[in-house]
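Remarks on the overall topology
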Amino acid sequence: MEKVTVEVETPYDVMIDHDLLKHAAAHLEDLIQGKKALIVTDENVASYGYLGNLQEAIVGITSGVDTYVLPAGEAQKSAENYIALQGHLATLNYSRSDVIIALGGGVIGDLVGFTAATYLRGIDYIQMPTTLLSAIDSSVGGKTAIDLPQGKNLVGAFYQPRRVLCDLDTFQTLSETIFEDGCAELIKYGMILDGDLLNQLMDREQPLNALSADLGEIVKRCVEIKRDVVLEDEHDLGLRQMLNFGHTIGHAVEQASHYQVSHGRGVAIGMILTQIMAEKEGLTALFITERFNQLLNQYHLLNQMHLVKAYDYEDLTVSMTNDKKRRGGEITEIFPDSFGKCRLETMPFDQYASYLAAIIEDLKADKLPLVTDSDDEVA
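Residues numbered from 1 in each chain as written. Predicted model: local features only at pLDDT ≥ 70, side-chain atom pairs only at ≥ 80, totals over all residues. Heavy atoms only, no water.

Moving on to the packing of helix H7 (residues 176-193) against helix H11 (residues 263-280). Two elements in contact, H7 and H11, have axes whose closest approach is 7 Å; the angle formed by their N-to-C orientations is 40 degrees. Viewed along their axes, H7 and H11 adopt a mutual orientation that is oblique. Where H7 crosses over H11, the two elements pack in a sense that is left-handed. Together, Thr 177, Glu 180, Asp 181, Ala 184, Glu 185, Ile 187 and Lys 188 of H7 and His 263, Gly 264, Arg 265, Val 267, Ala 268 and Met 271 of H11 make up the contact between the two elements. Split by residue class, the contact of H7 with H11 holds five nonpolar, three polar and five charged. (Axes fitted to C-alpha atoms, helices over the stretch in contact; angles between N-to-C directions. Helix = DSSP H or I, 4+ residues; strand = E, 2+ residues; numbered from the N terminus. Parallel < 35°, antiparallel > 145°, perpendicular 65-115°, else oblique. Left-handed = near helix turned anticlockwise from the far one by under 90°. Contact = heavy atoms within 4.5 Å. Nonpolar A, V, L, I, M, F, W, Y, C, P; charged D, E, K, R; others polar.)

Once that is clear, we can look at the pattern of salt bridges. Taken as a whole and assessed by the stated rule, the structure comprises 25 salt bridges. When the shortest N-O distance is used, the salt bridge between Asp 137 and Lys 188 registers 3.9 Å. Of this pair, Asp 137 sits in helix H6 (residues 132-138) while Lys 188 sits in helix H7; the two residues are 51 residues apart in sequence, bridging distant segments of the chain. Close ionic contact of Glu 224 with Lys 220 constitutes a salt bridge, the shortest N to O distance being 4.0 Å. Here Lys 220 and Glu 224 lie together in helix H9 (residues 215-232), a separation of four residues that amounts to about one turn. One salt-bridge network, held together by shared partners, links Glu 74, Lys 77, Asp 110, Asp 147, Lys 152 and Glu 254. (Salt bridge = Lys/Arg side-chain N within 4 Å of Asp/Glu carboxyl O.)

Attention now goes to the pairing of strand S9 (residues 163-167). Burial analysis of S9 places five of its five residues in the buried class, the great majority of the element. Alternating positions in S9 separate into two faces, Arg 163, Leu 165 and Asp 167 on one and Val 164 and Cys 166 on the other, with burial throughout. In this sheet, S9 lies alongside strand S2 (residues 12-17) in parallel orientation, the contact comprising four bridges. Bridge assignment links Ile 16 to a residue of S9, and that residue is Cys 166. (Buried < 20%, exposed > 50% of the residue type's maximum accessible area, 1.4 Å probe, protein only. Pairing = 2+ DSSP bridges.)

Take the packing of aromatic side chains next. Throughout the structure, instances matching the rule amount to three aromatic pairs. Considering the side-chain rings of Tyr 48 and Tyr 50, the 5.9 Å spacing of their centres and the 50 degrees angle between planes classify their relative orientation as tilted. Ring plane angle 20 degrees and centroid distance 4.6 Å describe the contact between Tyr 82 and Phe 114, whose orientation is recorded as stacked. One end of the pair, Tyr 82, is in helix H4 (residues 79-91); the other, Phe 114, is in helix H5 (residues 106-118), with 32 residues separating them in the sequence. Taking relative accessible area as the criterion, Tyr 82 reaches 14% and is therefore assigned buried. (Phe/Tyr/Trp six-rings, centres within 6.5 Å; stacked < 30°, edge-to-face > 60°.)

Along the chain, the position of Gly 266 falls in helix H11. Between the C-alpha atoms of Gly 266 and Asp 181, which are 85 residues apart in sequence, the distance is 9.0 Å. Those residues in contact with Gly 266 that sit more than four places away from it in its chain are Gly 246, Gly 250 and Val 261.

Within the largest apolar cluster, 84 residues are counted, with the highest numbers of intra-cluster contacts made by Phe 171 and Ile 187. When residues of this core are assigned to their parent elements, the largest contribution, nine residues, is made by H11. Setting aside its immediate chain neighbours within four residues, Ile 187 contacts Leu 198, Leu 201, Met 271, Phe 292, Leu 295, Leu 296, Tyr 299 and Leu 301. Within the second largest apolar cluster, 24 residues are counted, among which are Met 15, Leu 21, Leu 28 and Ile 101. (Core = buried A, V, L, I, M, F, W, Y, C linked by side-chain atoms within 4.5 Å.)

Taking strand neighbours across the sheet as the criterion, the three strands line up as S10-S11-S12 in an open arrangement whose pairing is antiparallel. This sheet does not close on itself; its edge strands, each paired only once, are strand S10 (326-327) and strand S12 (341-348). Bridge count between strand S11 (residues 330-338) and S12: eight bridges; the pairing is antiparallel. Pairing of Pro 336 across the sheet is with Cys 342, part of S12. Packing against the sheet, helix H15 (residues 349-364) makes contact with S10, S11 and S12, and its axis sits at approximately 115 degrees to S12.

In this section: the environment of Ala 310. Along the chain, Ala 310 falls in the loop between helix H13 (305-308) and helix H14 (313-320). Excluding its chain neighbours within four sequence positions, the residues that come into contact with Ala 310 are Asp 315 and Lys 364.

Tracing the chain through its elements places Tyr 12 in strand S2. Spatially, the C-alpha atom of Tyr 12 lies 7.3 Å from that of Pro 161, the residues being 149 residues apart in sequence. If near-sequence neighbours (up to four positions away) are discounted, Tyr 12 is found in contact with Val 4, Thr 5, Val 6, Val 140, Gly 141, Gly 142, Gln 160, Pro 161, Arg 162, Arg 163 and Val 164. There is a polar contact of 3.1 Å between the side chain of Tyr 12 and the backbone nitrogen of Gly 141. A polar side-chain atom of Tyr 12 sits 2.7 Å from a polar atom in the side chain of Gln 160. (Polar contact = N/O pair within 3.5 Å; in protein donor to acceptor, adjacent residues only side chain to side chain.)

Let us now look at the side chain of Lys 188. On the basis of relative accessibility, which here comes to 0%, the residue Lys 188 falls in the buried class. A polar atom in the side chain of Lys 188 sits 2.7 Å from the side chain of Glu 185. Beyond its immediate stretch of four places on either side in the chain, Lys 188 contacts Asp 137, Leu 243, Phe 245, His 247 and Met 271.

With that out of the way, let us pick up the packing of helix H8 (residues 195-202) against helix H12 (residues 289-298). It is at 10 Å that the axes of H8 and H12 come closest, and there the two elements cross at 60 degrees. Considering the angle they form, H8 stands oblique to H12. In the packing of H8 onto H12, the handedness of the crossing is left-handed. In this structure, H8 uses Leu 198, Asn 199, Leu 201 and Met 202 to contact H12, whose residues at the interface are Arg 291, Leu 295 and Gln 298. Tallied by class, the residues present in the contact of H8 with H12 amount to four nonpolar, two polar and one charged.

Here it is in structure tokens:
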């Protein structure tokens, strides 16, 4: 088993291994012994048997296990579901001494985390990510949120879990598309802080997949990077903003597409367009677009780029008005300086918007130095 300890005010462990769900009692007994536990998941995760496996594993050490199953998808991270989940906890008479378990991807983890942060002004919760993306990113670090019609993650709180249990076996039931979405965040970690990780992703006989022998090692490395950043900047005031490389444009693309573009592919589109912007506007001396393009295409992460051609830059900037990296009339963007090193740069928002407008115009005219996967299977 791989283990990473996050030394925040109340430290917690991130445990990474195979077959953890069926043996969850041994890894959670100190947190749930004699307590009521509500498992929140979605229909997809439940259909694979993971909900039943977890229930069966922990029922004997709790005072009772309840379940709450939502449809799958980003639309579930809503104010309506947040209020409904709060009401469900109250109806079941959950107290501060009880616990909520988030079993699923980032949508479930974010919703449960924000619910836990605010129900009775704080109740313990445990993250059990079932996607690569949530395992290496959203389940660690304590960012919790729900979406509003005006944008993603606009209502939330910083609230750390008590433990993260990552069963690598759950990745084997992910579609290739969903696994690839997680690889976008892996590539992001490599770009911003770990060139060796990036090389590990590039120098392979075949792309990383759910059966790769080094998957656990790679997940651990990403969690370590996230841990180190969180310890230095828990509340996202400086260094932690590096983790948003590609997210300014990526979130805007997701919202403009009404979430037809997935999060991982939105981030990938955001990363490559940000790199092209940096090169075009003289904001970097690093000219890596071709190599970066090749890496993203290895994981089919640009196969929704054609959808972006349908948007005007105003479609994207409207969601950026609520971006958390915007302060007054300025916005902070993340630009690469080398493979494994990025920097934060703050500029007037109007200037950034003009740079973006030029990029989108070139994209529509097929003038960008890009080769994109023509596979539109996920479009």
